[in-house]
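Inside the fold
Here is what each chain is made of, one letter per residue.
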Amino acid sequence: MMNNISDFIRGSMWGLALGDALGKPIEFKQLIQIREFYGPKGITKIPRNAIWTDDTEMTFAVARALIKNHHLSVEEISTQIADEFINWLDNPGYAPGNTCRMGVFKYKNDPNKKWWESGIKNSKGCGSAMRVAPIGLYFSDLDKLYKVAYNSSIITHAHPTAIAAAVGAAYLVRLAVNKTDIKLWPEKVKNFVDNVPEPGRTEFCNAINTAVKVLKNQNTEEAIKSIGRGWVGEEAVGIALYCCMKFPKSADFKKMLILSVNHDGDSDSTGCIAGGIMGAFHGYDALGDEIHEWTNKFMEKERMIKMIKEMIRSLKK
Ligand SMILES: [Mg+2]
């Protein structure tokens, strides 16, 4: 049974922005520093006038491309995403990643506009995994989902492991939309990246295996540490999946978000990925009053409301 379209789009888009914004103040802090500043539980709430970062801004760029072109061919959609990334450069959000900027600059200045050659070959940063939620929201056709997610990565991140992470993250959002039993997600997502070139497939699957293995560990700090810090794609998706599986209930969405950002690594990106997945899984309505209040705290909430409306309208057509 699938969620209804408006509900899963609102849940996912607000969820990813909330994870991103919750992680923003602590992106470059170690857990020990986070606790010193925010107390033993770490950061636990969204401030007034909250802002999201480059993660949500790039997600908007992908969403805009899909609003316009999701019914067209994979090629045309991919070109549209690359073009939207050029527009993104004008308003990149807080702390945009170097690989994203370098790849987009390369594409922008390429007279032949070959987006498939613009990506940085040796970057396996999480920048291409953090922005793919709309791809999972739009495509029930899994072949199309795979190819669009793949291409969306190589525009900036051409390392096979970054590609695997982007493909895997988009697919996890789809599994969430489809209300697939969470226990099945690890096996399914590993199978889904089967055709991604090595070392992408193996490195991604290793991170997923670790995430599953450490679920039993009562010490969540230790568990997340053993997956990694999330700066690279496979670790970011591994940490996000771990948090989803640790707190799969809608009543625990806030706990899930808090866990997904309070660690040594790339807090806003792991929060963004986890929030986008679980927001799609529960749907907006089930997230509850407190989370709904949090969404009112964004400085730019009107932009998000407009984006969500356009996404819903384009998908219902
Ligand atoms: Mg960021």
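Computed from a prediction, not measured in an experiment: that's the story for all the values here.

1. Structural notes on the coordination of the magnesium ion
At 1.9 to 2.5 Å from the magnesium ion lie its protein donor atoms, namely T53 (OG1), D54 (OD), D55 (OD) and D268 (OD). Going along the chain, you hit the donors of the magnesium ion in the pattern T-D-D-x212-D. Pair noted here: T53 is in the loop between α2 (31-38) and α3 (54-69) and D268 is in helix α14 (residues 267-282), with a separation of 215 residues, a long-range link. Here T53 falls in the buried class, since its relative accessible area comes to 0%.

2. Re unusual backbone geometry
In this structure, P199 follows E198 across a cis peptide bond, with omega equal to 5°. When you line up the elements, P199 lands in the loop between α9 (185-192) and α10 (200-213). The residue N49 is not glycine, and still its phi comes out positive at about 55°. With respect to the secondary-structure elements, N49 resides in the loop between α2 and α3. Of note in the backbone geometry, A95 takes a positive phi value of approximately 55° without being a glycine. Its place among the elements puts A95 in the loop between α4 (74-88) and α5 (98-108).

3. Here we look at the pattern of salt bridges
This model, assessed by the stated rule, comprises 16 salt bridges. E234 is the partner of K124 in a salt bridge, and the nearest nitrogen-oxygen pair spans 2.9 Å. In this pair, K124 sits in the loop between α5 and α6 (133-138) while E234 sits in helix α12 (residues 233-246), placing the two residues 110 residues apart along the sequence. The class of E234 is buried, set by a relative accessible area of 7%. A salt bridge links D194 to R201; the nearest nitrogen and oxygen atoms lie 3.7 Å apart. Taking the relative accessible area as the measure of exposure, D194 reaches 45% and is therefore partly exposed. Take R201: its relative accessible area is 28%, and that puts it in the partly exposed class. Taken together, the shared-partner salt bridges connect R35, E221 and K225 into one network.

Basis of the calculations
Residues numbered from 1 in each chain as written. Predicted model: local features only at pLDDT ≥ 70, side-chain atom pairs only at ≥ 80, totals over all residues. Heavy atoms only, no water. Donors = N, O, S within 2.8 Å, 3.2 Å for Na, K, Ca; no water. Helix = DSSP H or I, 4+ residues; strand = E, 2+ residues; numbered from the N terminus. Buried < 20%, exposed > 50% of the residue type's maximum accessible area, 1.4 Å probe, protein only. Salt bridge = Lys/Arg side-chain N within 4 Å of Asp/Glu carboxyl O.

None of this, on its own, says anything about what the molecule does.
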